[in-house]
Amino acid sequence: MDRREFLKQVALWYAGIMTTAPVFRLVPRAMAGTSASPPSGIIVSKGEDYFKITAAVIEKMGGMGRFVKPGAKVVVKPNIGWDRSPEQAANTHPQVVRALVTLALDAGAASVQVFDRTCNEERRCYQNSGIKPELEKIKDPRVKCEFIDERKFVPVKIEGGKALKEWQFYKDALEADCYINVPVAKHHGLSGLTLGMKNIMGVIGGRRGQIHHDIGRNLADLNTVIRPSLTVVDATRLLLRSGPQGGKIEDVSIRNTVLASTDPVAADAYATTLFGQTPDAITSTVAAFEMGLGEMRLEKCTITEV
Amino acid sequence: MNKKLVFRRARQVCQIFFLALFLFLFRQTDYTGLDTIPYAVNLFFRWDPLAAAAVTLATRTVIPLLLPALAVIGLTLVFGRVFCGWICPLGTLLDGTARVIRPVSRPLRPLRHIKYVILTVVLVSAAFGLQLAGWVDPFSLLVRGMVIAVDPLFNALVTAGFDAVYFHGPGWATAVSEPVYDAFKSFILPYKQSLFIWPAVSLVMLAGVFALELLGRRFWCRNLCPLGAMLALVSRFSFFRRKPLLACKNCEACHHECRMSAFDDDRRMMAEECNLCLDCLEFCPKQITTFRFTPPVNRAPVDVTRRHLIGAGLTGITLPFLVKIDAVAKDPSRRVLRPPGALAEEDFLKTCVRCGECLKVCIQNALQPVLLEQGLDGVFTPRLVPRLGYCEFNCTLCGQVCPTGALKRLTPAEKHAFVIGRAVFDRNRCLPFASSTPCIVCEEHCPTSEKAIRFDEVVVTGAGGAALTLKRPYVITDLCVGCGICEKVCPLPGPSAVRVYPAGEISSDLYPV
Ligand code: SF4
Ligand code: SF4
């Protein structure tokens, strides 16, 4: 084959594969059924050292080893949605994230991925939230604080979905051995508050705005696909108004609180009370409870402070 | 190595150095994790005497940002057009293409005068308030072409290749290709794929400059480039020149080999056409050429006639009026959104050299070139197109890279207060109004610390007859800065139900205070 012929072959091959539809080789992880074993436990810790109180909460839950097996692929999913500084309370606090990443590494994780599909420009969000700079300080190649790779969104059928039948999910989130959800609790114009259930918006693709049309039900449906092993709610600072991105320091109330539960609904329900509201005020909590994703009646949960 | 070859090598090293610097600064024209860009990425425009002259004439003010241009003038006063031969990245690229594109024929007759004509038209038009430099300035052509077409095209092609392996290749191939792709992304490719309106226009303009090499080496530089013309005029006074000033009788070497065709029909050398490439040190069969400091004696006149100049001057006067009588410029409905920090529209049009730096740096790919929507005057100026990309609230990059100050450098506080435009809801389309569907994604994204979008809670009868509580958005106009994120995120197909329109200036035109 002469050079010309060879180039022709390569060009044809190139053109051929570029025009065929992509094929995903992914088999979505088996979707878990309702697993929260009653009574749902909620662990709460208070203090000014956010790294410490986060570690204390995990300790009380039986240590990270309970969730992260040696060699596990771990995903820690904070909220990095906005180009805001930690004081502005729009994103998860970097120390809370760092604590969880460190503990997962100590438990022998093979990799710890931290990512979010941001609303503002992703490089600004990762940087100014303080999360990327903080994680870089760990200097461990197993920590991967990477931007979302659009190629990795794959369509997933939502078997038990009441409103949504199919949506695009982030492959790495689906494939994680241990998925730790780390939302920041804050005000939100449409849903009232944004908590753990809403944090899943950061691992879905497509035009996310449509989720708002029936937000409570849609969020509950999405949450049947990705079931976090652990939900850690950052309530160190609460953004009380102008959520979800705020901007004014006067709208932030310092609470120095971190709480965690293996039951995502219970975690959201408890976090709601920190805003002086009852769990049933949040439609996604109610919808998820009705679908059996967890417990929203706090009187049925054991609440432990450490 | 032969001594004469050393000179040529020195020139080539210098050219490659500045080309590399140019490409490096091009790549650095981006967000890097810092709120301010650490390099003077717009350097090549700031030392561009053509841009400086055209902007100074049009605005009748001295723009401090453009003072480095004096250094290039100074350099030319001493050494002649070394800038063209040793520094200009477009010249270097054209020299580089000489290996690929060979002239198809000898140029029929010299066309050197055209560049003086172009220069005259640009400067006279500028003096009458029309900024045309962006059409013909070599850096504007080059950077704009790269920003709008070459760079995105390059990225798309490379990425398509890696994507093909990623989606269709076997596992082992992906294991190899992905690390290579990561390396490409870190060092060669832009951070993300940008998209611009009508890239073909800028591509064709730039490609045209290269295609002209078919008609002769450095065709653009010797016949068309107005910056070259300007430096040529300055170099009439330069001290460093080639000797002898006459090509020898019975020898055609100078005539045929000089890439700038710096010799007239009477064998006289036109020092202002010489870009000091030093080739004649080598090709001279008798090896008698030298370059040295000598008093600026010019044997031949500048190759342009008074007729040409009068014609150019008249054109330069007429074009601004052609723009003035164009209704397009007066039509408020054609006003576009300017980037944050933009001068008042009239001054903006005079000051902007259409370089494309702001389009390149925009972190949201929100800035797009204006094409014909604003008439001749607006072509290639930047506009914000929120449906494609919004202006990031805390970003101030475009003002930092603008070489002429058409976009002011804003502090974060000034940026937060700068009004690009104002948002307006179209209730006929907005979901909570038009179809009683909950939405307010716009309110969620509105970045002003006191939200410029608020909502009323209303109870309506839903489709099924049951009562439904809805949040219906509206804009607090005084709080809105026109960033356009609401327009961008509106989930409706087609045009957004909330759109940003130009504000301020236009309304004060209509209702003077
Ligand atoms: S238009 Fe806005 S987002 Fe784009 S570069 Fe300028 S300031 Fe940044
Ligand atoms: S353009 Fe929209 S999002 Fe931006 S400030 Fe105005 S109302 Fe808010």
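Peer 1: Hey, could you go over the overall build of chain B for me, with residue numbers and the actual values?
Peer 2: Within chain B, the secondary structure is distributed over 25 helices and eight strands. In terms of its C-alpha atoms, chain B occupies a principal-axis envelope of roughly 100 × 70 × 40 Å. Across the 513 residues of chain B, 54% fall into the buried class. The centroid of the 56 positive side-chain charges in chain B is displaced by 10 Å from the centroid of its 40 negative side-chain charges.

Peer 1: Describe the interface of chain A and chain B, listing the residues and the values that go with them.
Peer 2: It is common to give the size of an interface as the accessible area that goes away when the parts come together. Facing 41 residues of chain A, the contacting portion of chain B comprises 48 residues. In terms of surface lost to chain B, no three residues of chain A exceed Arg-123, Arg-124 and Arg-151 of chain A, which account for 23% of the buried area on that side. One can count eight salt bridges joining chain A with chain B. The partner of Arg-151 of chain A in a salt bridge is Glu-178 of chain B, and the shortest N-O contact between them spans 2.6 Å. For the interface between chain A and chain B, the tally reads 23 residue pairs in polar contact (both at pLDDT 80 or more). Of all the secondary-structure elements, those providing two or more residues to the side of chain A that touches chain B are α1 (3-19) and α4 (122-128) of chain A. Element by element, the count of residues in the side of chain A that touches chain B is highest for α4 of chain A, at five residues. Of the residues assigned to the side of chain A that touches chain B, the class counts are 12 nonpolar, 15 polar and 14 charged.

Peer 1: Tell me what's going on with the packing of helix α7 (residues 113-127) of chain B against helix α13 (residues 226-235) of chain B, and back it up with residues and numbers.
Peer 2: For any two helices packed against each other, the geometry is given by the interaxial angle and the distance between the axes. Residues and elements named next belong to chain B. Between α7 and α13, the least distance of the axes is 8 Å, while the angle of their chain directions is 100 degrees. Viewed along their axes, α7 and α13 adopt a mutual orientation that is roughly perpendicular. Between α7 and α13, the contacting residues are Lys-115, Tyr-116, Ile-118 and Leu-119 on the first element and Pro-226, Gly-228, Ala-229, Met-230, Ala-232 and Leu-233 on the second.

Peer 1: Kindly report on the nonpolar core, identifying the contributing residues and their values.
Peer 2: Core analysis: the largest hydrophobic core is formed by 127 residues, its most contacted members being Phe-83, Leu-90, Trp-220 and Phe-291 of chain B. The residues contacting Leu-90 of chain B, other than those within four sequence positions of it, are Pro-138, Leu-142, Val-209, Phe-210 and Trp-220 of chain B. Core analysis: the next-biggest nonpolar cluster, separate from the first, contains 64 residues, Ile-80, Leu-100, Phe-115 and Leu-164 of chain A among them.

Peer 1: Give a detailed account of the pattern of salt bridges, specifying residues and quantitative values.
Peer 2: According to the stated counting rule, one finds 41 salt bridges over all chains in the structure shown. Where Glu-134 of chain A meets Lys-137 of chain A, a salt bridge forms, and the shortest distance between an N and an O atom there is 3.1 Å. Salt bridges sharing common partners tie together Glu-121, Glu-122 and Arg-123 of chain A together with Asp-30 and Lys-192 of chain B.

Peer 1: Quick rundown of the site of ligand 1? Include the residues and the values.
Peer 2: Close to ligand 1 lie Pro-340, Cys-362, Ile-363, Leu-367, Cys-391, Glu-392, Cys-395, Cys-398 and Lys-415 of chain B, which account for all nearby residues. Within the shell around ligand 1, the residues separate by chemical class into seven nonpolar, no polar and two charged.

Peer 1: So what about the packing of helix α9 (residues 138-168) of chain B against helix α11 (residues 199-211) of chain B? Which residues, and what values?
Peer 2: Residues and elements named next belong to chain B. Their axes nearest at 8 Å, the elements α9 and α11 cross at an angle of 120 degrees. Classified by the angle their axes make, α9 and α11 are oblique. Seen from above, α9 lies across α11 with left-handed handedness. Contact residues: α9 offers Leu-141, Leu-142, Arg-144, Gly-145, Met-146, Ile-148, Ala-149, Val-150 and Leu-153, while α11 offers Pro-199, Ser-202, Leu-203, Met-205, Leu-206 and Val-209. Taken together, the residues of the contact of α9 with α11 break down into 12 nonpolar, two polar and one charged.

Peer 1: How would you summarise the site of ligand 2 if you had to cite specific residues and measurements?
Peer 2: Close to ligand 2 lie 14 residues; Cys-446, Cys-480, Cys-483, Gly-484 and Cys-486 of chain B are nearest. Of the residues contributing to the shell around ligand 2, the split by class is 11 nonpolar, three polar and no charged.

The rules behind each value
Residues numbered from 1 in each chain as written. Chains lettered and ligands numbered in written order. Predicted model: local features only at pLDDT ≥ 70, side-chain atom pairs only at ≥ 80, totals over all residues. Heavy atoms only, no water. Helix = DSSP H or I, 4+ residues; strand = E, 2+ residues; numbered from the N terminus. Buried < 20%, exposed > 50% of the residue type's maximum accessible area, 1.4 Å probe, protein only. Lys, Arg positive; Asp, Glu negative; His and termini not counted. Charge placed at Lys NZ, Arg CZ, Asp CG, Glu CD. Contact = heavy atoms within 4.5 Å. Buried area = accessible area lost by both parts, 1.4 Å probe. Salt bridge = Lys/Arg side-chain N within 4 Å of Asp/Glu carboxyl O. Polar contact = N/O pair within 3.5 Å; in protein donor to acceptor, adjacent residues only side chain to side chain. Nonpolar A, V, L, I, M, F, W, Y, C, P; charged D, E, K, R; others polar. Axes fitted to C-alpha atoms, helices over the stretch in contact; angles between N-to-C directions. Parallel < 35°, antiparallel > 145°, perpendicular 65-115°, else oblique. Core = buried A, V, L, I, M, F, W, Y, C linked by side-chain atoms within 4.5 Å. Near = heavy atom within 4 Å. Left-handed = near helix turned anticlockwise from the far one by under 90°.

Interpretation in functional terms is not warranted from these geometric data alone.
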